[in-house]
Amino acid sequence: MDGGCSDDVTVEIGDEPHVLAVDDNLIDRKLVEKLLKNSSCKVTTAENGLRALEYLGLGSDKRNTMEGTASKVNLIITDYCMPGMTGYELLKKIKESSVLREVPVVIMSSENVPTRISQCLQEGAQMFMLKPLKQSDVKQLKCYLMKCRG
């Protein structure tokens, strides 16, 4: 890794916030990645919830420790509708983790379903955004990251 990681999740001004983007749709994943990179974010992508959990150290293989990984990610943005594990289930797993529960999670969906939105927000999602994401959405995320993590 780059060796310059601090132990907490704080983003200093000048540092690139690190975002984990989770979406099973390649085009949506690439769009989110491009928008985040345009806003000077470091981006790691995962094609499903299980891959995201593995990256975060919460996968079924518990041998990898969570210590190093938790400090690597400042925000997780995930699609709601994915095969295998929904974004809502991923959110619940993250919020159950003592190491990762403080990391903000944003849920995206192409469907505007009020009950789904409120369910995600009650479970601890920071925001619920409608797809396709726009640059203005990402600016809002970046602004939130710099304000709330600084």
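Note that this is a predicted model, so its numbers are computed, not measured.

Participant: An account of the overall build of the protein is requested, with residue identities and associated values reported.
Facilitator: Across its full length, the protein carries six helices and five strands. Counting helices and strands in the order they occur from the N terminus, the protein gives β-α-β-α-α-β-α-β-α-β-α. For the protein, the residues scored as buried account for 47% of the 150 residues in total. Partitioning the intrachain contacts of the protein with sequence separation of at least 6 by distance along the chain shows that 64% fall at a separation of at least 24.

Participant: For the side chain of glutamate 33, give the residues involved together with the corresponding values.
Facilitator: Examined against the element boundaries, glutamate 33 turns out to sit in helix 1 (residues 26-38). The residues touching glutamate 33, leaving out its near neighbours within four places in the chain, are Val43 and Thr45.

Participant: I'd like a rundown of the UniProt feature "modified residue: 4-aspartylphosphate" (unreviewed entry) in the protein, residues and numbers included.
Facilitator: UniProt annotation of "modified residue: 4-aspartylphosphate" (unreviewed entry) refers to Asp79 when read in the numbering used here. When you line up the elements, aspartate 79 lands in strand 3 (residues 75-79). Of the residues examined, aspartate 79 reaches a relative accessible area of 5% and is grouped as buried. Discounting chain neighbours no more than four positions away, the residues touching aspartate 79 are Val22, Asp23, Asp24, Gly87, Met108, Ser109 and Lys131.

Participant: Explain the pairing of strand 5 (residues 127-130) to me, using residue names and the numbers behind them.
Facilitator: In the sheet, strand 4 (residues 105-109) pairs with strand 5 via four bridges, with the strands oriented parallel. By the bridge assignment for strand 5, isoleucine 107 is matched with phenylalanine 128. Following the chain from strand 4 across helix 5 (residues 114-122) to the adjacent parallel strand 5, one finds a crossover that is right-handed.

Participant: Which residues make up the confidence of the model for the protein, and what are the values?
Facilitator: Per-residue confidence for the protein gives a mean pLDDT of 85; residues scoring 70 or more make up 81%. Low pLDDT, under 50, characterises residues 1-13; the stretch is placed with 18 contacts to residues that sit more than four places away or in other chains.

Participant: Explain unusual backbone geometry to me, and be specific about the residues and the numbers.
Facilitator: Proline 132 follows lysine 131 through a cis peptide bond whose omega is 0°. With respect to the element layout, proline 132 can be found in the loop between strand 5 and helix 6 (135-149). Even without a glycine there, the phi angle at serine 40 is positive, about 60°. With respect to the secondary-structure elements, serine 40 resides in the loop between helix 1 and strand 2 (42-46). Among the residues examined, serine 40 registers a relative accessible area of 39% and is labelled partly exposed.

Participant: Explain the nonpolar core to me, and be specific about the residues and the numbers.
Facilitator: If you look at soluble globular proteins, the nonpolar side chains tend to sit buried side by side. Of all hydrophobic cores here, the largest spans 24 residues; its most connected members are Leu20, Val22, Ile76, Ile107 and Cys120. Counting only elements with at least two residues in this core, the list comes to strand 1 (18-22), helix 2 (49-56), helix 4 (87-96), strand 4 and helix 5. By residue number, the principal contributor to this core is helix 4, which donates four residues. Contacts of cysteine 120, omitting those with residues within four sequence positions, involve Tyr80, Tyr88, Leu91, Ile107, Ala125 and Phe128. With 18 residues, the next largest nonpolar core counts Val106, Met127, Leu141 and Tyr144 among its residues.

How each quantity is defined
- Residues numbered from 1 in each chain as written.
- Predicted model: local features only at pLDDT ≥ 70, side-chain atom pairs only at ≥ 80, totals over all residues.
- Heavy atoms only, no water.
- Helix = DSSP H or I, 4+ residues; strand = E, 2+ residues; numbered from the N terminus.
- Buried < 20%, exposed > 50% of the residue type's maximum accessible area, 1.4 Å probe, protein only.
- Contact = heavy atoms within 4.5 Å.
- UniProt positions renumbered as here; feature names shortened; annotations may be inferred.
- Pairing = 2+ DSSP bridges.
- Right-handed = clockwise from strand over helix to strand, strands pointing away.
- pLDDT = per-residue confidence, 0-100.
- Core = buried A, V, L, I, M, F, W, Y, C linked by side-chain atoms within 4.5 Å.

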